[in-house]
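Structure at a glance
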Amino acid sequence: MLMSDRPPMRSGGIISKYGDYLPEIDPAAAVTLGEGQTPLVEARAVSEAVAAGVCVYLKCEGLNPTGSFKDRGMAFAVSRAREAGYRVAMCASTGNTAASAAAYCARAGMRCVVVIPEAAIAAGKLAQAVAHGAVVVAVRGNFDQALAIVRDMVERHRIALLNSLNPDRIEGQKTAAFEVCDQLGGRAPDHLAIPVGNAGNITAYWKGFREYKEQGKVSSMPIMLGFQAAGAAPIVVGHPIERPETVATAIRIGNPASWAKAVAARDESGGLVESVTDEEILDACRLLAAREGVLVEPASAASVAGVLKLARRGYFRERSGASRRQDAVIVCVLTGHGLKDPDAMMRLGSGPLVAEADTASVEATLVAAGTPLDGR
Ligand code: AN7
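What comes next is a walk through the structure. From a predicted model like this one, the values you see are computed outputs, not experimental measurements.

**Concerning the environment of Ser219**
Mapping Ser219 onto the fold places it in the loop between helix H9 (200–214) and strand S8 (223–229). Using a relative accessible area of 68% as the deciding quantity, one classes Ser219 as exposed. As a C-alpha pair, Ser219 and Gly186 span 33 residues in sequence and 8.8 Å in three-dimensional space.

**Some remarks on the site of the ligand**
Taken together, 23 residues form the shell around the ligand, and within it Asn96, Asn198, Ala199, Asn201 and Thr335 come nearest. Contact between the ligand and Thr97: an oxygen atom at 2.8 Å from a main-chain N or O atom of the residue. In the model, an oxygen atom of the ligand is placed 2.7 Å from a nitrogen or oxygen of the Ala199 main chain. For the ligand, whose accessible area on its own is 470 Å², the fraction buried by protein is 98%. Under a 2 Å grid-point criterion requiring more than half of the atoms, the pocket assigned to the ligand is the largest cavity.

**Things to note about the side chain of Asn142**
Counting through the fold element by element, Asn142 comes out in the loop between strand S5 (135–139) and helix H6 (143–156). Look at Asn142 and you get buried, because its relative accessible area is 11%. Within the structure, Asn142 has its side chain in polar contact with the backbone nitrogen of Asp144 (distance 3.1 Å). Filtering out sequence-adjacent residues up to four positions away, Asn142 remains in contact with Pro117, Glu242 and Pro244.

**Overview of the pattern of salt bridges**
What the rule picks out here adds up to 18 salt bridges. We note a salt bridge from Glu179 to Arg72, for which the minimum N-O separation is 2.9 Å. Here the residue Glu179 occupies a position in helix H8 (residues 175–183), and Arg72 occupies one in helix H3 (residues 70–83), the gap between them amounting to 107 residues. For Arg72, a relative accessible area of 0% gives the class buried. Through salt bridges with shared partners, a single network forms among Lys59, Glu61, Arg72 and Glu179.

Procedures and definitions
- Residues numbered from 1 in each chain as written.
- Predicted model: local features only at pLDDT ≥ 70, side-chain atom pairs only at ≥ 80, totals over all residues.
- Heavy atoms only, no water.
- Helix = DSSP H or I, 4+ residues; strand = E, 2+ residues; numbered from the N terminus.
- Buried < 20%, exposed > 50% of the residue type's maximum accessible area, 1.4 Å probe, protein only.
- Near = heavy atom within 4 Å.
- Polar contact = N/O pair within 3.5 Å; in protein donor to acceptor, adjacent residues only side chain to side chain.
- Areas by Shrake-Rupley, 256 points an atom, 1.4 Å probe, with all protein chains shown as cover.
- 1 Å grid on protein atoms, 1.4 Å probe; cavity = no way out; pocket = protein on both sides within 12 Å on 5 of 7 lines; lining within 4 Å.
- Sits in = over half its atoms within 2 Å of the grid points.
- Contact = heavy atoms within 4.5 Å.
- Salt bridge = Lys/Arg side-chain N within 4 Å of Asp/Glu carboxyl O.

Now the structure itself:
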């Protein structure tokens, strides 16, 4: 088939949609997997649990091509690296950056090297990096050590850095803030709740909201609510954590690279950065899975866990008082898909019941487990 016989199509993605707001790039170098345009879904059960007069939305970034929010920034960073003639790219990762970098580099025809903390990343993420053909180095240390090594390596060799210290990552990622405003019909949310690990995402959202306001696309900006896991909460406690620990391995980070920018987003927006325990994270994960039908990895649920925690101390009741004409809009960013971390997902419910392969046996097993079979 001749090229001209192909039906006209735009392959989509953040560069084609929001290119006017990004640094210029040669369209021929652009790499996309159709990232962005993720659903913003209303969360009835979470809203009810928060407060009357509050409407909670979930920004489902796990529906990006590789299953996490990283694809937005990766699309732009890999495109720019390819444009600049890099042939090798590298990142340190708790998993999702590695998966995304591996996929976009594969598509761009670039070699990808990822450095991960040994035995500390979710199975799905490692599988992605391996399948996409990245060279995976597991170091006997944590993410912060892996990142220090990668920063060293890109100084010594002509290798593109794909961590969010690369400003192109932030540029691509800020499109998520634009999209939230567009999906809300041309307004910013009142609050934006977001998990914080290396702090690139909160930095990017805040940049996006600021730019949309400057461009006159929205008339206000949200209060930024960042949440770290209690065992990995350097910004909350005010000093680096040498041995961060949490079930939410994606945000098991003790010394965030964009620490100062996260603090700026917090302070300029009148927001906060607080911590949530692993138990609160898993409870929020279960609520999302069992009541909203939305499966997310533990790190993602930190945003919802944080909002629920603030709600318990009346934070939103005070702010969404009866004098408001409209419900307060809270957007929780859900950064990664639950399928990334099957082991954590299995712990949210109870494992399979086992029965013989006949109807009577299945029926008896269900009755024994107390399953209602009469439709009520
Ligand atoms: C699901 O992949 O840092 O605060 O190396 O995978 O921008 O770091 C992942 C981070 C939240 C935190 N949710 O975002 C990595 C990595 C999920 C994540 C975060 C990550 P940042």
